[in-house]
Amino acid sequence: MPGRPAPAVLPPSLRAWIGLIAVLAALVVALLGFLYAGHSEPGTVDAWVHSAVYGVRSPWRHVALATDFLGEPAGAAVVVTAVVGGCLLLRSPRAAVLVVAGVGVTVGTTTLLKHLVGRTINGGYLSYPSGHTAFLTALALVGALLATGRLGLGRTAGTLLALAAALVAGATMGWAQVALGAHYPTDVLGGWCTALALVPATAWLVDRTADRMADRPDNTGRHQSH
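Predicted, not measured: the structure shown is a model, and the values here were computed from it. (Residues numbered from 1 in each chain as written. Predicted model: local features only at pLDDT ≥ 70, side-chain atom pairs only at ≥ 80, totals over all residues. Heavy atoms only, no water.)

So, about the environment of His50. Mapped onto the elements of the fold, His50 is located in helix 2 (residues 44-53). A relative accessible area of 26% places His50 in the partly exposed class. For the pair His50 and Val178, spaced 128 residues apart in sequence, the C-alpha to C-alpha distance is 6.4 Å. Residues within four places of His50 in sequence aside, it is in contact with Val178 and Pro185. (Helix = DSSP H or I, 4+ residues; strand = E, 2+ residues; numbered from the N terminus. Buried < 20%, exposed > 50% of the residue type's maximum accessible area, 1.4 Å probe, protein only. Contact = heavy atoms within 4.5 Å.)

So, in structure tokens, the structure goes:
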């Protein structure tokens, strides 16, 4: 007997609003990349925010360093492994795939954009967009989408949850990056928008791929269960 269909990782109720937000976020990423391509100095907004945030002292510097570690390869691997493990314990392999794919696509895209835009900080380090900010935002957004589906939230509540989770995660990591002098504030905004643009698209692709695989007939001629 076929089982119940696996729930979509991009809830249908959110697709229109989240899709619109993703498009707007992609435009922001492109605009900022165009404005700051090849630059090695902060813009006006960057300088203003940087002067207010940079150079925090203990204990806040320790908080910033701990937050920054979450976006480093070792820290990110631990966090992603833990989240994927939780998805598998909840018997949600589609969610586990989204965690890996959503975060991987987002971080990979920020790396590519860094080389395309060529903005630098601290004597030549590529800075736009912030991969650390994109990573934590993507992870939070994935979690919010999965929570929306499991809790059965409607369009308004689900969209607000997704935006709130992304905002908190992006602001937290973004603060750490600016406070430590690793990124300009507009790098942080670019990383945040990169996650907002790519995670919904990745979730949609995961759903489409999983649904098509589930609809294929197995060796007995019957359709596979979800």
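Once the structure has been displayed, the description carries forward.
Mapping Arg94 onto the fold places it in helix 5 (residues 93-117). On the basis of relative accessibility, which here comes to 10%, the residue Arg94 falls in the buried class. Engagement of the side chain of Arg94 in a polar contact is seen with the side chain of Asp207, the distance being 2.9 Å. (Polar contact = N/O pair within 3.5 Å; in protein donor to acceptor, adjacent residues only side chain to side chain.)

Below, the discussion takes up the environment of Thr137. Checked against the element boundaries, Thr137 lands in helix 6 (residues 131-151). Overall, Thr137 belongs to the buried group, its relative accessible area being 0%. For the pair Thr137 and Ala171, spaced 34 residues apart in sequence, the C-alpha to C-alpha distance is 8.8 Å.

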